[in-house]
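Each chain, letter by letter, is given below.
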Amino acid sequence: MLVAIIMKKSFSGELLSGHKDAALEVPFDPSVVWRAEAKSLWKGRRGYEVRAIVNGVSFDSCIVPRQRKFFMLVSKDVIKETGLEIGDTVKAAVEFVAE
């Protein structure tokens, strides 16, 4: 029998401009906090799939490593729906499902 464990974490951060999507710096290492290995998300990128809530809007995202830090990607559609702008301080909640 396969059991899924949902692990939640909340944090605040500044919405940063990225070369593709915006991102929030994640103040923890998911491999340590969730005791999980990063998985292949797309060619050349590993990370952690998460369900996120920002400004009351729920969306699927991922947390990826870059320059020894971790970032949660925030798409242009989510930014538009939440009314956020680059530089805003944001409260976020993320859920990681470990199977």
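This text follows the structure it describes.
Counting restarts for each chain: residues are numbered from 1 in the order of the written sequence. Local features are withheld for residues below a pLDDT of 70 in this predicted model, meaning they are given only at 70 or higher, and side-chain atom pairs are given and counted only at 80 or more; totals for whole chains, interfaces and linings count all residues. The basis for every side-chain value is the complete set of non-hydrogen atoms in the structure, without hydrogens or water.

(A) Structural detail: the overall build of the chain. The helix and strand tally for the chain stands at two helices and seven strands. By definition, any uninterrupted DSSP run of H or I lasting at least four residues is a helix, any uninterrupted run of E lasting at least two residues is a strand, and each is numbered from the N terminus. In the chain, the order of α-helices and β-strands from amino to carboxyl end is β-β-α-β-β-β-β-α-β. Radius of gyration means the value over C-alpha atoms here, while the globule rule gives 2.2 Å times the residue count to the 0.38 power. Over its C-alpha trace the chain gives a radius of gyration of 13 Å, about what one expects of a compact globule, namely 13 Å for 99 residues. When its C-alpha atoms are laid out on the principal axes, the chain stretches across 45 × 30 × 20 Å. Summarising the internal contacts of the chain: among those between residues at least 6 apart in sequence, 58% fall at separations of at least 24. Note that accessible areas follow from Shrake-Rupley with a 1.4 Å probe, and for residues the cover is restricted to the protein chains shown. For the chain, the computed accessible surface area is about 6700 Å², with 49% contributed by carbon and sulfur atoms. Measuring between centres, the 15 positive side-chain charges of the chain sit 5 Å from its 13 negative side-chain charges. In this description, contact between two residues means that some pair of their heavy atoms is separated by no more than 4.5 Å. Under the counting rule used here, the positive set is Lys and Arg, the negative set is Asp and Glu, and His together with the chain ends is not counted. The location of each charge is read from NZ of Lys, CZ of Arg, CG of Asp or CD of Glu.

(B) Region of the structure containing the packing of aromatic side chains. The criterion for an aromatic pair is that two Phe, Tyr or Trp rings (for Trp, the six-membered ring) have centres within 6.5 Å, with stacked assigned to planes under 30 degrees apart, edge-to-face to planes over 60 apart and tilted to the rest. Evaluation of the coordinates by the stated rule reveals four aromatic pairs. Considering the side-chain rings of phenylalanine 28 and tryptophan 34, the 5.4 Å spacing of their centres and the 75° angle between planes classify their relative orientation as edge-to-face. Here phenylalanine 28 and tryptophan 34 have matching classes, each one buried. The interplanar angle of 5° and the centroid separation of 4.8 Å between the aromatic rings of tryptophan 34 and phenylalanine 96 together place this pair among those described as stacked. Of the two residues, tryptophan 34 sits in the loop between helix 1 (30–33) and strand 3 (39–42) while phenylalanine 96 sits in strand 7 (residues 89–98), which places them 62 residues apart along the sequence. Put simply, the rings of Phe11, Phe28, Trp34, Tyr48 and Phe96 pair up and form one aromatic cluster. Three labels apply to residues, based on accessible area from a 1.4 Å probe with only protein chains included: buried if under 20% of the type maximum, exposed if over 50%, partly exposed otherwise in between.

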